Amino acid sequence: MNNCDKKIVLVVKASEVGERGLKKAIDITREEDCNKLYLLFVVDHDFFSGDGASYVKSKQQVDKGLEGIGDAILRTMEDMLEETDKSIESQRVILHGKTAEEIMNFAKNNKVDVLIIPKDQRGPIEKFITGGDITPFIDEIKKYVDKVVVVE
Amino acid sequence: MKRFLFFLGIILLFSVSSYATNLRVGGVVKNEHGSPIDEVEISILLGDKVVLHTTTTSNGSYFIEGAVQDNIDPNNLFVELKKSTYKTEKRKLVDILKSQDENHNTVYIGTLNQTMLRAITPAFWISLIVLVGIFVLISFEVFHRTVAALIGASLLLFTSYTLGTFNENYFVISFEEAIHAIDFNVILLLMSMMIIVGVMKKTGIFQWLAYKSYAISKGNVFKLSVILMFVTAVASAFLDNVTTMLLLAPVSIEIAIMLKINPFSLLMPEVLASNMGGTATLIGDPPNIMIGSFAHLTFNDFVINLAPVILIILIVNVFVMKLFFGKEYKKGKVDNVDELLVKLKEEYKITDAKLLRHSLFVLGFVILLFITHGMLHMEPSIAAMAGAALILLLSGADITEIMEKEVEWATLVFFMMLFIIVGAAVETGFISMIATWVKDLSGNSMVLAIIFVMWVSAIASAIIDNIPFTATMLPVVAYLTQTIPNAGNTLWWALALGACLGGNGTLIGASANVVTAGLAERAGYPMTFGYFLKIGAPAMFISVTISMIWLLIGG
C-alpha cells in the first residue's frame, strides 16, 4: 500500500544507466515520502526503420523473447530495490507496443506524477537502425506527467 | 471454275520452282568475353535486300533456312547482326558450300560465327544509373529495399517498352530476358527453407538449445560463450542467420542479465559465429545460395571447400573473443546457477515434442537430399521444396498462416527484382566492363584475383547489402573463372567467403547484426556502430585473412 498519493514510475533497463535510474527512482520515492515504485518495461518488437522491419516476421516469437528479457530485467531491479530499501515495494508494469507511444499512453491514462527515464548514449546510426528512441517524445510525455527525470 | 483452279495451280508450281534454290546459314554469336548473346536479330542479305531473317537462341546460336531466288550470286551474300546494346555487324558470307537436296534443288550452306562488340548506348547509362541508384537507396534505407528494387526493375522495363519502342538505343531489357534473368532456383529454395524454419521454430528447439548450452557450461561463462558460438554456427549453417539470432539472442541476454554480465560478451561471439556458420554451406547464407545456383556448385562442394576453413576461423575467433571479453567472463556471478537453470528450463522447454520429431526427420531428409542432389542432378530448390511439402503434410500446419507469417514475400520479391536489375546491367554490358576491368587489374594472376575478389567482397559486404553485391559479382567472377588459367572454382569460394564473412565487419553488414542490436537495445544495452566495429572489424579481418591464406595454399 502506497503511503502517498503520488505515482512514481521507472522505465527499467538492465545496463549501468538503468541501475543509475533505479537509484534516482529510490531517492525520489524517499523524497516524496512514498513507499511504492512502478517498474515499467515495454515489449517493443518494432525494432527497425525501413528495411529492418521485414526481418521481424514472427512478432509473437520476438515478443516471447522480449518478455523473457523484460522478466530478467525486472527481477534484477526488484532484487536491487530490495537490497537498497526494503521499505519500498515495487509493482511491475509490462506494456506491449511502440516504446514512446506506450509510455505516453500509460502516463496519460494513469496520472503519473514522476517518470524516470534512463537514457542511453546512442549515435544517430544505431538510433536509426534499432529505433525505440524516446528522447524526441519527452516534451510530449511532459504534457501528461508532472515531472520527467532523464537519467544519463 | 475447275479450269481456273488448274491454271492457278500451274502458275503457283512455276512460281515455286523459280525459287528452288535453298540457303542454309548457321552459327554462334558471342560477346568479347565469349558468352553467348541471345535475341540478336540475324538478317541474310543478298546485296542490300533482306532475304531471310531470324534471332539467336539463349545459347547464342542461330540456324536459318529458306528458299531464295534462283541463280543467286553466293559472293553477294551478307549476314547482318543487330542488337541494341551491341555494335551492328555486317559480314560477308565466305566459304559457301554448294550442294543439292533430295529434290535436286541447289542448296547453299554457309557458316558465320561472330563476336559482337558492345555499344555504349543510352540503355547502358540507364542500367548503370538504376544499378548504382539501387545500391544507394538500399544503403541509406531511403525506401524499403524491396520497394527500391521494384522501382528499379519496373523503370528498366517501362523505359524499354516506351522510349525503347521508338528508339532501340533506349531498349534496356526485354520482358523475356527479365524473366530469364530471375533465378527461380534461388527463389524456391529460399521460400521452401522459410517454410521449414517457420514450422520448426514453433517447437522451441532454438531456445531449448540455448538453455542446454547454459546447463552444459555449469555457470562457466567462457565455456557458455564457446558452446553458444558453436550452437549458433551449426544452426546458421542450415537455417537462416536472422531466425537463429532472433530466437537465441533473447535467451542469451536473459542469461547475461541474471549473471550480471554485459550481454554483449555473449551476443557478439554469437552473432559473429552466426555469420561464420552461414558461410559453411550452400543454404547457410543468401550469397551462397546465389553462387551455388549460378555456378552449379553442389551442397557437398560448399561443405568440402568451405566448412574446414570456417571451423578454423571459428576456433581462432573463440580466442579473439576471449581477448575482448575475458574480463567480463570472469565477472559472471555463478552463485545462482541452479536457480537460473530452473527458470530457463521452465521458460524454454520444447513446446511440441511430436512436431520436433517430425521437423528433425524432415530436416534430416532435406540435408540428405542436399548431400545427394549433385548425383541426382537435382536442383537444391527441389530438395527444399520436397522438405517444405513434407513438413506441411506431417505437421498439419495452417498453410495460410505459414505463407502469411513465415514466408518473407518482400525478400523474395526483392531477389526477383534484383535479378532483373543485374540482368539489365549484364545485357547492356556494364557488368562485362567491370569484369574486364577486374581481369586487367589482376593481370591473369590467380593470386591477385583471389585477393581482389575476397577483399573487395568483404569490404563491400561490410558496408552495403551483400545480396545485391553478390548478384552483381556473379557474372564478373564467372568471367574471371573462365579466363584465368587453372581458376577452377577457387574464385567462387573467394566470393562466398568474402561476401559472407564481410558481414561481420560492421553493425549494418548483416541482417543478423541488426536483429541482435535491436534485441540488445531493448534490454538497455545499445550496441553502437562504433562498438560493433571495434569487435567485428578485427574478427572480420582475421577471418578473411585466414580464408585468403586457405585459398592461396590451395585449401
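Residues numbered from 1 in each chain as written. Chains lettered and ligands numbered in written order. Predicted model: local features only at pLDDT ≥ 70, side-chain atom pairs only at ≥ 80, totals over all residues.

Chemist: How should the overall build of chain B be read in this particular structure?
Modeler: Along the backbone of chain B there are 23 helices and nine strands. The principal-axis extents of the C-alpha atoms in chain B amount to approximately 110 × 55 × 40 Å. Residues classed as buried in chain B amount to 49% of the 555 residues present. Excluding contacts between residues fewer than 6 apart, the proportion of contacts in chain B whose partners are at least 24 apart in sequence is 76%. (Helix = DSSP H or I, 4+ residues; strand = E, 2+ residues; numbered from the N terminus. Buried ≥ 20, exposed ≤ 12 C-beta atoms within 10 Å, placed from the backbone. Contact = placed C-beta atoms within 7 Å.)

Chemist: Help me understand the overall build of chain A, please; the structure alone is not making it clear to me.
Modeler: Scanning chain A for helices and strands turns up five helices and five strands. Per-residue burial for chain A yields a buried fraction of 39% across its 152 residues.

Chemist: How do you make sense of the sheet that holds strand β6 (residues 89-92) of chain B when you look at a structure like this?
Modeler: Each strand in a sheet pairs with its neighbour through backbone hydrogen bonds, running either in the same direction (parallel) or in the opposite one (antiparallel). Residue and element names in this part refer to chain B. The four strands are arranged β3-β2-β5-β6 in an open sheet whose pairing can be described as antiparallel. Strands at the two margins of the open sheet, each flanked by one partner only, are β3 (49-55) and β6. Taking the axes of each pair of neighbouring strands and ignoring which way they run, one obtains an average angle of 20° across the sheet. Pairing of strand β2 (residues 41-46) with β3 involves six bridges; the strand directions are antiparallel. Each bridged residue has a counterpart across the sheet, and for Ile42 the counterpart in β3 is Thr54. (Pairing = 2+ DSSP bridges. Axes fitted to C-alpha atoms, helices over the stretch in contact; angles between N-to-C directions.)

Chemist: Hey, could you run me through the domain arrangement of chain B in this one?
Modeler: In many reports, interface size means the accessible area that the parts give up when they come together. Residues and elements named next belong to chain B. Entries for chain B in the domain assignment read domain 1 (20-116) and domain 2 (205-349 + 429-552). Summarising the inter-unit geometry, the C-alpha centres of domain 1 and domain 2 are found 53 Å apart. Every contact between the two is made by four residues of domain 1 and, on the other side, five residues of domain 2. Residue classes in the side of domain 1 that touches domain 2 are distributed as no nonpolar, four polar and no charged. (Domains from an automatic or database assignment. Nonpolar A, V, L, I, M, F, W, Y, C, P; charged D, E, K, R; others polar.)

Chemist: Please explain the nonpolar core as it appears in this structure.
Modeler: Most often, soluble globular proteins keep nonpolar side chains buried together rather than apart. Ranked by size, the top nonpolar core spans 190 residues in total, and within it Leu10 and Ile73 of chain A together with Ile196, Leu418, Ile420, Ile421 and Leu495 of chain B carry the most contacts. Excluding residues that lie within four positions of it along the chain, Ile421 of chain B makes contacts with Val130, Leu131, Ile134, Ala149, Gly152, Ala153 and Leu156 of chain B. (Core = buried A, V, L, I, M, F, W, Y, C linked by C-beta atoms within 7 Å.)

Chemist: Teacher, can you tell me more about the sheet that holds strand β1 (residues 8-11) of chain A here?
Modeler: Residue and element names in this part refer to chain A. A sheet is described by the order of its strands in space; here five strands give the open sequence β3-β2-β1-β4-β5, paired in parallel fashion. Of all strands in the sheet, those with a lone pairing partner are β3 (89-96) and β5 (147-151), marking the two edges. Ignoring strand direction, the axes of neighbouring strands in this sheet form an average angle of 25°. Note: strand β4 (residues 114-118) against β5, five bridges, orientation parallel. Pairing of Ile116 across the sheet is with Val149, part of β5. Running over the sheet, helix α1 (residues 16-31) touches β1, β2 (36-43), β4 and β5 and is turned about 160° from β4. Packing of helix α3 (residues 99-110) onto the sheet brings it into contact with β1, β2, β3 and β4, and relative to β2 it is tilted by some 145°.

Chemist: Explain the pairing of β4 of chain A here, please?
Modeler: Every regular strand shows the same layout, with side chains that alternate between the two sheet faces. Residues and elements named next belong to chain A. Burial within β4 is extensive, with five of its five residues counted as buried. Two elements, β1 and β4, share three bridges in a ladder whose sense is parallel. Bridge pairing in β4 links Ile8 to Val114.

Chemist: Would you mind showing me how to read the confidence of the model for chain B here?
Modeler: Regions with low pLDDT carry predicted coordinates that are not meant to be interpreted in detail. Residues and elements named next belong to chain B. Chain-level statistics for chain B give a pLDDT mean of 89 and a share of 95% at 70 or above. Low pLDDT, under 50, characterises residues 12-19; the stretch is placed with five contacts to residues that sit more than four places away or in other chains. Predicted complex metrics record ipTM = 0.80 and pTM = 0.81. (pLDDT = per-residue confidence, 0-100.)

Chemist: Can you help me understand the packing of helix α7 (residues 205-217) of chain B against helix α8 (residues 221-238) of chain B in this one?
Modeler: Angle between the axes and distance between the axes are the two parameters that describe a pair of packed helices. Residue and element names in this part refer to chain B. The N-to-C vectors of α7 and α8 enclose an angle of 150°; their axes lie 8 Å apart at closest approach. Relative to α8, the element α7 lies roughly antiparallel. Where α7 crosses over α8, the handedness of that crossing is right-handed. Judged by residue contacts, Phe206, Leu209, Ala210, Ser213, Tyr214, Ile216 and Ser217 of α7 engage Lys223, Leu224, Ile227, Leu228, Val231 and Ala235 from α8. (Parallel < 35°, antiparallel > 145°, perpendicular 65-115°, else oblique. Left-handed = near helix turned anticlockwise from the far one by under 90°.)

Chemist: I keep staring at unusual backbone geometry and nothing clicks. Help me out?
Modeler: All names here are of chain B. Although it is not a glycine, Glu39 sits at a positive phi angle of roughly 55°. Residue Glu39 is classed as partly exposed on the basis of its C-beta count, with 17 C-beta atoms lying within 10 Å. With a phi angle near 65°, His104 is a residue other than glycine that sits in the positive phi range.

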